[in-house]
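Summary of the model geometry
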Amino acid sequence: MKVAVCIKRVPDTETRIKIGSDGKSIDETGVKFVLNPYDEYAVEEALKLKEQSGSGEVVVIALGSDTSQETIRTALAMGADRGVLLKTDAVSLDPVVNAKALAGELEGGEYDVILFGKLAMDDSSQAVGTMVAELLGMPGVSAISHLEVADGKGKAEREIEGGVEVVEFALPAVLTAEKGLNEPRYPALRGIMLAKKKPLDVKPVELEEGGVTMSRLELPPPRAGGRILGEGPEAVPALIEALQTEVKVL
Amino acid sequence: MPGVLAVLEQRDGALKKVSHEVLTAACGLASGIGGAVEAIVVGPPGIDTDSVGAFGGEKLFVVTHEDFKLYQPEPYAAAVVERVKSGDYTAVVLGATAMGKDLGPRIAARLACPLAADATAIEANGGIKVTRPLYSGKALSELTITSTPCVISVRPNTFTAKENAREVSVEVIQAPDGPNAAVRARTVVVKEPETARLDVAEAAVVVSGGRGLKESENFKLVEDLVDAFGNAAVGASRAVVDAGWRPHSDQVGQTGKTVSPQLYVAIGISGAIQHLAGMRTSRVIVAINKDKEAPIFKVADYGIVGDLFEILPRLTEEVIKARGT
Ligand SMILES: Cc1cc2nc3c(=O)[nH]c(=O)nc-3n(C[C@H](O)[C@H](O)[C@H](O)COP(=O)(O)OP(=O)(O)OC[C@H]3O[C@@H](n4cnc5c(N)ncnc54)[C@H](O)[C@@H]3O)c2cc1C
Ligand SMILES: Nc1ncnc2c1ncn2[C@@H]1O[C@H](COP(=O)(O)O)[C@@H](O)[C@H]1O
């Protein structure tokens, strides 16, 4: 089974965001970057698919600057076989532009399965994987929390409001991973050592111009917050009163 | 004059509430850049679309097929794209729901056009500016759309539906193909949950429980409060989902659902940054926690400090009394 996983380098979820001096980007000073959490599920699923089939290759692909090499090494340490960095100074704000660049690399790669995270924690578009499925004309199932693959066919489950959709498709297919799909493994020391020697191709890419520009980036308005009504059950009537008369939600 | 296309969503033949919000967002957009609001809905025959005119739609395209009872990604995308290509639209607006988050990217990819996902505000004044949260809501970006058509998905519960009565003409189109052999992926069934409670992403009131509940069985206390509110859903922190006390579909936060209910009640939840990311845009936040230093109190409009096991039964009782049920 030949599997590709598209992975992105994003700020750690613990990060407290500060706005940069240009007012259009974040201040990266002191920010720790990690493999996008949803992409961890995608890498884990790829490794499981390869293990189940008994042979094959897991290729991880990142579009980004040189700093993404570290992210690729993380996935290699988890067990992926080789990495590709599609090198660009900055990714686009327009998801279809990034999707086209990734689709260009994936096209003709003869992958059985192409995995993505459901969403990248920085731009939160939840779009690139599904767009790649469309651009490649392949079956695509987004935000899957369960997957079964056998005999060139697949069955996946995706959570919707108040239910779970079951989707059937034929391979090759593009899938995007939701939390709950699996438990990602942690890179072991041996994996980290091995990863240093695994192949990592760097290919410069030119991105198309997108149809979106950033006018402004700012912190959300702070919530007023912090009115403690009291302690213990005795404070309940005051809460009911506030919900009824002040904010009228009851 | 180019218009705005609102993509509506139906379930079991009824328009979902988000469809009215999408129409309202589309009307706002159209009033700033000109043109009329047209709408499209894809589904099985017999969808009840009576309310479309009331929320500002002037033309409605209903694309139906016997096999469209469930969301079928490819034929649904094909139907919308077909409409965009045969009409003239500056923007396609849809809801950032489970369906919209899948359908929006497909439409944008097929049209090779920009997508602004999960918008919380749209400003139209000659051009189009979209506000959308980045970094899981820790920052807000204002994007300028520089090429049209564009696709914009709007966060549910953010654009308050406003009546705007119009005369609507309806055109019903029989889709040539259902999910047939040419379709690459097919939705075969939707498994319904055992409980009939609402989904966290759709409820007006969300009561979420965290590790403070101590064990899975104690979620009964949360469920009782949810039932007392009515129109409410059970939510959960990641800690209790990972512990297996609640399904992932209940999880609120950065790796769960983003919710903006009228009222969010956090019970025995500390308020980690990843949890706050999923609920900080709720209209009113209430926190119950025994630790008065818990970070959740910093975002809560109202807090009660104390033991949830003492507070919850009393709260449930008082809510029942207040609602007179
Ligand atoms: C990549 C990543 C993604 C994440 N995504 C999410 C996410 O989507 N959603 C999410 O929620 N978390 C997420 N987390 C986890 C998050 O960091 C916290 O660990 C988690 O939210 C804590 O859950 P909790 O508040 O239930 O538990 P705790 O932090 O243990 O808090 C329990 C609270 O209960 C209170 N308490 C205890 N007993 C009582 C009592 N008897 N009465 C009243 N109060 C009581 C305590 O004072 C405490 O404040 C993520 C973490 C990472 C690293
Ligand atoms: N620059 C990138 N490089 C590689 N993969 C990416 C990139 N951007 C997005 N992806 C993939 O697409 C998924 C969804 O991203 P997004 O649509 O940006 O939320 C991510 O989880 C990644 O799997």
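In this text the structure is predicted, and so the values were computed from the model without any measurement. (Residues numbered from 1 in each chain as written. Chains lettered and ligands numbered in written order. Predicted model: local features only at pLDDT ≥ 70, side-chain atom pairs only at ≥ 80, totals over all residues. Heavy atoms only, no water.)

**A look at the overall build of chain A**
Here is the rule: A helix here means a DSSP run of H or I that spans at least four residues, while a strand means a run of E at least two residues long, and both kinds are numbered starting from the N terminus. Burial here depends on accessible area, computed with a 1.4 Å probe over protein chains only, as a share of the maximum for the residue type. Under 20% is buried, over 50% is exposed, and the range in between is partly exposed. Here, residues are in contact when the closest pair of their heavy atoms is within 4.5 Å. To be clear on the numbers: accessible area is Shrake-Rupley with a 1.4 Å probe, and residue cover counts the displayed protein chains and nothing else. Two residue types count as positive, namely Lys and Arg, and two as negative, namely Asp and Glu; His and chain ends fall outside the count. The location of each charge is read from NZ of Lys, CZ of Arg, CG of Asp or CD of Glu.
On a plain count of helices and strands, chain A comes out with six helices and 13 strands. Counting all 250 residues of chain A, 54% fall into the buried class. Expressed as a percentage of contacts within chain A between residues at least 6 apart in sequence, the contacts between residues at least 24 apart total 70%. Of the roughly 10,900 Å² of accessible surface on chain A, a fraction of 49% belongs to carbon and sulfur atoms. Across chain A, the mean location of the 28 positive side-chain charges is 4 Å away from that of the 41 negative side-chain charges.

**Examining the packing of helix α4 (residues 128-136) of chain A against helix α3 (residues 98-111) of chain B**
Cut-off, in case you're wondering: Only the stretch in contact is used when a helix axis is fitted, and all axes are lines through C-alpha atoms; the angle between N-to-C directions ranges over 0 to 180 degrees. Each angle receives one of four descriptions, namely roughly parallel if under 35 degrees, roughly antiparallel if over 145, roughly perpendicular if within 65 to 115, and oblique otherwise. Crossing handedness: left-handed means the near helix sits turned counterclockwise from the far one by under a right angle, and right-handed means the same turn made clockwise. Charged means Asp, Glu, Lys or Arg here, nonpolar means Ala, Val, Leu, Ile, Met, Phe, Trp, Tyr, Cys or Pro, and polar covers whatever is left, Gly included.
In the contact formed by α4 of chain A and α3 of chain B, the axes pass within 8 Å of each other and the chain directions differ by 45 degrees. By the angle class used here, α4 of chain A and α3 of chain B are oblique. Where α4 of chain A crosses over α3 of chain B, the handedness of that crossing is right-handed. Here Thr130, Met131, Glu134 and Leu135 of chain A of α4 of chain A come into contact with α3 of chain B, specifically with Asp102, Pro105, Arg106, Ala108, Ala109 and Arg110 of chain B. Looking at the contact of α4 of chain A with α3 of chain B residue by residue, the class counts come to five nonpolar, one polar and four charged.

**Regarding the interface of chain B and chain A**
To keep things clear, this is the line we draw: Buried area is calculated as the accessible area (1.4 Å probe) missing from two parts once they are joined, with the contributions of both summed. Each reported salt bridge corresponds to a side-chain nitrogen of Lys or Arg within 4 Å of a carboxyl oxygen of Asp or Glu. Definition of a polar contact: a pair of N or O atoms within 3.5 Å, with one able to donate and the other able to accept a hydrogen when the atoms are protein atoms, and with sequence-neighbouring residues admitted only if both atoms are side-chain atoms.
In this complex, chain B contributes 85 residues to the contact, which on the side of chain A involves 88 residues. Each partner contributes to the roughly 7,200 Å² buried at the junction of chain B and chain A, and carbon and sulfur atoms together form 57% of this total. For the pair chain B and chain A, the interface holds seven salt bridges. Notably, a salt bridge pairs Glu161 of chain A with Lys16 of chain B, separated by 3.7 Å at the nearest N-O pair. At the boundary of chain B and chain A, one finds 43 residue pairs in polar contact (both at pLDDT 80 or more).

**Looking at the sheet that holds strand β17 (residues 284-289) of chain B**
Strand pairing in a sheet relies on backbone hydrogen bonds, with the paired strands running either antiparallel or parallel. Note the cut-off: DSSP bridges decide pairing: two strands pair if at least two such bridges lie between them.
Read across the sheet, six strands follow the order β13(A)-β18(B)-β17(B)-β16(B)-β14(B)-β15(B) without closing on themselves; strand pairing throughout is parallel. Strand pairing shows two members of the sheet lacking a second neighbour, β13 (228-231) of chain A together with β15 (232-236) of chain B, which therefore form its edges. Geometrically, the sheet is characterised by an average inter-axis angle of 15 degrees between neighbouring strands, direction not taken into account. The pairing of β17 of chain B with strand β18 (residues 302-305) of chain B spans four bridges and is parallel. Paired with Asn289 of chain B across the strands is Val305 of chain B, a residue of β18 of chain B. Each of β13 of chain A together with β16 (263-267), β17 and β18 of chain B touches helix α6 (residues 236-246) of chain A; the most contacted strand, β18 of chain B, lies at about 170 degrees to it. Strands in contact with helix α4 (residues 219-229) of chain B are β14 (205-209), β15 and β16 of chain B; relative to β15 of chain B, the strand with the most contacts, it is inclined by about 155 degrees.

**Structural notes on the site of ligand 2**
Residues and elements named next belong to chain A. The condition that has to hold: By convention in this text, a residue qualifies as near a molecule or strand provided that one of its non-hydrogen atoms is within 4 Å of it.
Around ligand 2, a shell composed of 20 residues is seen, among which Cys6, Asp39, Ala120, Asp123 and Ala127 lie nearest. At 2.5 Å, a side-chain N or O of Asp39 approaches an oxygen atom of ligand 2. Between an oxygen atom of ligand 2 and a side-chain N or O atom of Asp123, the distance comes to 2.7 Å. For ligand 2, whose unbound accessible area comes to 480 Å², protein coverage reaches 99%. Elements represented by at least two residues in the shell around ligand 2 include exactly β4 (57-64) and β6 (113-117). A per-element tally of the shell around ligand 2 places β4 first, with three residues. The residue makeup of the shell around ligand 2, split by class, is twelve nonpolar, four polar and four charged.

**Focus: the pattern of salt bridges**
Opposite charge on two side chains lets them pair, provided their charged atoms get close. In this structure the tally under the stated criterion is 41 salt bridges over all chains. With a shortest N-O distance of 3.0 Å, Glu223 of chain B and Arg246 of chain B are connected by a salt bridge. Residue Glu223 of chain B is located in helix α4, and its partner Arg246 of chain B is located in the loop between α5 (238-242) and β16; the two are separated by 23 residues in the primary sequence. Ionic pairing is found between Arg246 of chain B and Asp250 of chain B, a salt bridge with its closest N-O pair at 2.9 Å. Of the two residues examined, Arg246 of chain B and Asp250 of chain B, each falls in the buried class. A single network of salt bridges, built from pairs that share partners, joins Glu134 of chain A together with Asp102, Arg106 and Arg110 of chain B.

**Examining the nonpolar core**
Counted only if it meets this: Nine residue types can take part in a nonpolar core, namely buried Ala, Val, Leu, Ile, Met, Phe, Trp, Tyr and Cys, and a core is a set of them joined through side-chain atoms within 4.5 Å.
Ranked by internal contacts, the top residues of the largest apolar core, which has 52 residues, are Ile61, Leu106 and Ile114 of chain A together with Leu103 of chain B. It is helix α3 (residues 95-106) of chain A that contributes the most residues to this core, seven residues altogether. One finds Val212 of chain A together with Ala30, Ile47 and Leu60 of chain B within the second-largest nonpolar core, a separate group that totals 42 residues.

**A few points about the site of ligand 1**
Near ligand 1 lie 28 residues; those nearest to it are Ser237, Gln251, Thr255, Ser270 and Gln274 of chain B. Around ligand 1 the close residues trace back to chains A and B. His275 of chain B places a polar side-chain atom, nitrogen or oxygen, 2.8 Å from an oxygen atom of ligand 1. Within the side chain of Asp307 of chain B, one N or O atom sits 2.9 Å away from a nitrogen atom of ligand 1. The protein chains hide 80% of the 990 Å² of surface that ligand 1 would expose on its own.

**A word on a nonpolar patch on the surface**
All names here are of chain A. The criterion, for reference: Each patch is assembled from residues with relative accessible area greater than 30% and no salt bridge, linking like charges that lie within 9 Å and nonpolar side chains (Val, Leu, Ile, Met, Phe, Trp, Tyr) that lie within 5 Å.
A grouping of Leu189, Ile192 and Met193 is seen on the molecular surface, where their side chains present a nonpolar patch of about 300 Å² in accessible area. Along the polypeptide, Leu189 turns up in helix α5 (residues 189-197). For Leu189, a relative accessible area of 63% translates into the label exposed.

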